[in-house]
Amino acid sequence: MKANYHTHTYRCKHGKGTDREFIEQAIASGLKVLGFSDHCPWVYDNDYESPIRMQPSDLDDYFSSLLSLKKEYEKDITIYIGFESEYIPELMEKQDQLLSGYPVDYMILGQHYNEPEYNSHYNGHGTNSLKQFTRYIDLIIEGMDSGRYKYVAHPDLLYYAGEESTRVEQYTRLCKYFKEHELPIEINLIGLKNGLHYPSDRLLRIAHEVVNTAIIGIDAHTPNLIGDIASIELGNTVAENYGIELIDYLPGLEPKI
Ligand SMILES: [Zn+2]
Ligand SMILES: [Zn+2]
């Protein structure tokens, strides 16, 4: 594994470790690129404070810490600074305003919610709702069409507990979209390691049929996961077993050393 673009920090309130520890672990593991993608803050219309993502007031520290470490370690590893975010149409304008002026290298799309989270179901829970499922896929496609995001984290985060044929139909629609736009699916290592419902056998089979590529995303919330060779090996094995080609780097986010 040469690059990981899916890394969180303690600022999202469910990650641990210092920024430096993540970077030193990545160097020790032989990564050429480490991309930070902590859960992006939203600007809500009310005073709701998310317990699972950075606050707008964390942005200055996020960038100042990572920019200084990026420079300090530039001979050892290429650091990119980005975010993992949902695509929620009514909130995008204020998020753009919030981030303007910050040197954001990239974003990945993690569609944990379809609406502002205080008003929404978590997509990671199983659902029987066809409406929620199709909205989830629609928003991912609309989000990727906006050109904001480099790839979709855990595209099968939403487990649809309804008809299998519907699940196949919707995930085929998504995989074909990825194929058409040369986007990889993510093999999410937290999901794999913890035996979560993603990456799912269903999505991987479809990705094989559609001839998608894949990228491994560690989804590291602690530095040690970046050095977890067994999980990384497992990710490689899954790609190999399903006959899916892995890509090392995201376009435009290659190593600079
Ligand atoms: Zn996520
Ligand atoms: Zn994540």
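Residues numbered from 1 in each chain as written. Chains lettered and ligands numbered in written order. Predicted model: local features only at pLDDT ≥ 70, side-chain atom pairs only at ≥ 80, totals over all residues. Heavy atoms only, no water.

1. Topic: the UniProt feature "domain: PHP" (unreviewed entry) in the protein chain
Under the UniProt annotation, the feature "domain: PHP" (unreviewed entry) is placed at residues 5-188. Note that residues 5-188 is 37% helix and 12% strand, and that its end C-alpha atoms are spaced 11 Å apart. (UniProt positions renumbered as here; feature names shortened; annotations may be inferred. Helix = DSSP H or I, 4+ residues; strand = E, 2+ residues; numbered from the N terminus.)

2. A look at the sheet that holds strand β2 (residues 33-39)
Pairing within the open sheet is parallel, and its four strands lie in the order β1-β2-β3-β4. In the strand order of this sheet, the two ends are held by β1 (3-4) and β4 (106-109), each with one partner. Pairing of strand β3 (residues 78-85) with β4, which is carried by four bridges, proceeds in the parallel orientation. Residue pairing across strands places Gly-82 opposite Tyr-106, the latter belonging to β4. Docked against the sheet, helix α2 (residues 59-72) engages β2 and β3, running at close to 155° with respect to β3. (Pairing = 2+ DSSP bridges. Contact = heavy atoms within 4.5 Å. Axes fitted to C-alpha atoms, helices over the stretch in contact; angles between N-to-C directions.)

3. Some remarks on the coordination of the zinc ion (ligand 1)
With distances of 2.1 to 2.2 Å, the protein atoms coordinating the zinc ion (ligand 1) are Glu-84 (OE), His-112 (NE2) and His-154 (NE2). Taken as a pair, the zinc ion (ligand 1) and the zinc ion (ligand 2) show a spacing of 3.3 Å, with Glu-84 coordinating each metal. With a gap of 28 residues between them, Glu-84 in strand β3 and His-112 in the loop between β4 and α4 (130-145) connect regions that are remote in the sequence. Per residue, the accessibility class of Glu-84 equals that of His-112, and both read buried. (Donors = N, O, S within 2.8 Å, 3.2 Å for Na, K, Ca; no water. Buried < 20%, exposed > 50% of the residue type's maximum accessible area, 1.4 Å probe, protein only.)

4. Structural notes on the sheet that holds strand β7 (residues 245-246)
An order of β5-β6-β7 is seen for the three strands of this open sheet, with the pairing classed as parallel. Of all the strands in the sheet, the pair left with one neighbour each is β5 (185-188) and β7. Two elements, strand β6 (residues 213-217) and β7, share two bridges in a ladder whose sense is parallel. When the sheet's bridge partners are listed, Thr-213 is paired in β7 with Glu-245.

5. Overview of the pairing of β2
For β2, the buried fraction is high: seven of the seven residues fall into the buried class. What joins β1 to β2 is helix α1 (residues 19-28), and the crossover it makes is right-handed. Examined bridge by bridge, β2 and β3 share seven bridges and lie parallel to one another. In the strand pairing of β3, Gly-35 is matched with Tyr-80. (Right-handed = clockwise from strand over helix to strand, strands pointing away.)

6. Some remarks on the coordination of the zinc ion (ligand 2)
Every protein donor of the zinc ion (ligand 2) is accounted for by His-6 (NE2), His-8 (NE2), Glu-84 (OE) and Asp-219 (OD), and the metal-donor separations fall at 2.0 to 2.3 Å. For His-6, a relative accessible area of 0% translates into the label buried. Residue classification places Asp-219 among the buried residues on the basis of a relative accessible area of 5%.

7. Some remarks on the packing of aromatic side chains
If you walk through the whole model with that rule in mind, you get 14 aromatic pairs. Aromatic side chains Tyr-5 and Tyr-106 sit 6.0 Å apart centroid to centroid with 80° between the ring planes, which places their arrangement in the edge-to-face category. Note that Tyr-5 is positioned in the loop between β1 and α1 and Tyr-106 in strand β4, a separation of 101 residues in sequence. Residues Tyr-5 and Tyr-106 agree in their burial class; the two are buried. Their ring planes at 35° and their centres at 5.3 Å tell us that Tyr-62 and Phe-83 sit as a pair that is tilted. (Phe/Tyr/Trp six-rings, centres within 6.5 Å; stacked < 30°, edge-to-face > 60°.)

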